[in-house]
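# Descriptive structure summary
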Amino acid sequence: MSLTAGIVGLPNVGKSTLFNAITNQKILAENYPFATIEPNVGVVTVPDERMDKLKAMYEPNRFIPTAYEFTDIAGLVKGASQGEGLGNKFLSHIREVDAIVEVVRCFDDGKIIHVDGNIDPIRDIETINLELAIADLDVINNRLERVSKKARTTKNKDDLVEVEALEKAKQALEENKALRQVEFTEDELKSLKSYSFLTLKPIIYLANIKESELGNPDNKYVQEVKQYALKENAQVVSLCAKVEEDLSELTKEEKQEMLEVLGLEKSGLDKLIQATYDILGLATYFTVGKDEVRAWTFKKGMNAKQCAGIIHSDFEKGFIRAEVMSYEDLVKYGNELKVKEAGRARLEGKDYILQDGDICHFRFNV
């Protein structure tokens, strides 16, 4: 599954510095020829200690962790929805992402000028969110009249559901409420999917703080952001973009040493990647062997047949069964044979709901 998060933010909030940290990730060199696919797209591997253990156990020829794309959305300024800055180019890029990472400046520094003259993270958030809401409202207004007329004429059930969903969305936006805060029915969400509404996407507020505050990241600005995020059940991740950029230039061992000096268990970028997984409801299963150890991302709730299709469509079409064991059992018993001898290996059918950490071998016939 190709997953992307769009990084947005006003000028001078640390967005470019964070993106530099993402594109400098040297961990990619083993599996990807370039860390940057396009000028504004960076790929990072998803941190997972289980992969290191599996690599040591199997010593595979190929080792492929799951990856995540971050897109640096350029051109966001006040008035972007009306074409200011890069305007429409910005909007078209962000409509393609799965989640939004909104970088918010939460530090004072007289040497770095704020576009609005002073530090006010809530004002910054509302500036960006207003642009996203206006863009969504424009789409709704352009579509609603046409689909309403069609629904009145045909009485088609799907058209009627779409009209109801669009009217509900319009009312919410006019009341200054993001669409992700609205309770839509499953049918309504399905009818809205093709619009790729910006305010319907899950969001993470990324509080950019000073290095000196990493040990106690909840400064007054971060507290304000957290209070704001509570209203829409959004996550907040604190990091220092400059420190992340420095970490990205180090080897794995040097990075660990620097984290220990800073008193941190993991980097802010690792926390951000985990947060994006959480808000998108994602999990990981593994395929293992001497030839390859690989991690695969799936949405929680997917069954074995659907997860087989992530590897290849033929796996899903000709699915027979899945041979499954848990990562925990493999580590506990030491190897696959002992897992089977302990009766912990299972044969599962197409309706089995995969669990995070499952190790799978899919049988299929096409």
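Looking now at the pattern of salt bridges. Using the criterion set out here, one finds 19 salt bridges in the structure. The shortest N-O distance in the salt bridge between D72 and K15 comes to 3.0 Å. Here the residue D72 occupies a position in strand 5 (residues 67-72), and K15 occupies one in helix 1 (residues 15-23), the gap between them amounting to 57 residues. One exposure class covers both D72 and K15, and it is buried. Two residues, D218 and K226, come together in a salt bridge whose shortest N-O distance is 2.9 Å.

Our next topic: the state of the cysteines. Within this structure, the stated rule accounts for 0 disulfides. Summary of cysteine pairing: C360 is not part of a disulfide, and the nearest cysteine sulfur, belonging to C307, is at 7.3 Å.

The next point concerns unusual backbone geometry. For E59, which is not glycine, the phi dihedral falls at a positive 45°. Take E59: it is sitting in the loop between helix 2 (49-58) and strand 4 (62-64). A relative accessible area of 56% places E59 in the exposed class. For K155, which is not glycine, the phi dihedral falls at a positive 60°. Mapped onto the elements of the fold, K155 is located in the loop between helix 4 (121-154) and helix 5 (157-174).

Moving on, we come to the packing of aromatic side chains. The full count for this structure, using the stated rule, is 10 aromatic pairs. Considering the side-chain rings of Y285 and F362, the 5.8 Å spacing of their centres and the 85° angle between planes classify their relative orientation as edge-to-face. Here Y285 is found in strand 9 (residues 282-287), whereas its partner F362 is found in strand 13 (residues 358-364), with 77 residues between them in sequence. We classify Y285 as buried; its relative accessible area is 0%. In this structure an aromatic cluster arises from ring pairing among Y285, W296, F298, F319 and F362. Its end group placed over the ring of F63, K55 keeps NZ or CZ at 4.8 Å from the ring centre. Directly above the aromatic system of F107 lies the positively charged group of R105, at a separation of 4.6 Å from the ring centroid.

With that settled, consider the environment of Y333. In this fold, Y333 is placed in helix 13 (residues 327-333). Here Y333 falls in the partly exposed class, since its relative accessible area comes to 26%. Taking the C-alpha atoms as reference, Y333 lies 9.7 Å from R344; in sequence the two are 11 residues apart.

Taken together, the side chains of E253, E254, E257 and E260 make up a negatively charged region of the molecular surface. Tracing the backbone through its elements, the reader meets E260 in helix 9 (residues 252-262).

Our next topic: the packing of helix 4 against helix 7 (residues 220-230). Put simply, helix 4 and helix 7 touch, their axes get as near as 9 Å, and they point 40° apart. Comparing the axis directions of helix 4 and helix 7 gives the class oblique. The residues of helix 7 that touch helix 4, namely those facing P121, I122, I125, E126 and N129, are Y221, E224, V225 and Y228. Residues that form the contact of helix 4 with helix 7 fall into these classes: 6 nonpolar, 1 polar and 2 charged.

Rules behind the numbers
Residues numbered from 1 in each chain as written. Predicted model: local features only at pLDDT ≥ 70, side-chain atom pairs only at ≥ 80, totals over all residues. Heavy atoms only, no water. Salt bridge = Lys/Arg side-chain N within 4 Å of Asp/Glu carboxyl O. Helix = DSSP H or I, 4+ residues; strand = E, 2+ residues; numbered from the N terminus. Buried < 20%, exposed > 50% of the residue type's maximum accessible area, 1.4 Å probe, protein only. Disulfide = S-S within 2.5 Å. Phe/Tyr/Trp six-rings, centres within 6.5 Å; stacked < 30°, edge-to-face > 60°. Lys NZ or Arg CZ within 6 Å of the ring centre and 35° of its normal. Patch = residues over 30% accessible without salt bridge, like charges linked within 9 Å, V, L, I, M, F, W, Y side chains within 5 Å. Areas by Shrake-Rupley, 256 points an atom, 1.4 Å probe, with all protein chains shown as cover. Lys, Arg positive; Asp, Glu negative; His and termini not counted. Charge placed at Lys NZ, Arg CZ, Asp CG, Glu CD. Axes fitted to C-alpha atoms, helices over the stretch in contact; angles between N-to-C directions. Parallel < 35°, antiparallel > 145°, perpendicular 65-115°, else oblique. Contact = heavy atoms within 4.5 Å. Nonpolar A, V, L, I, M, F, W, Y, C, P; charged D, E, K, R; others polar.

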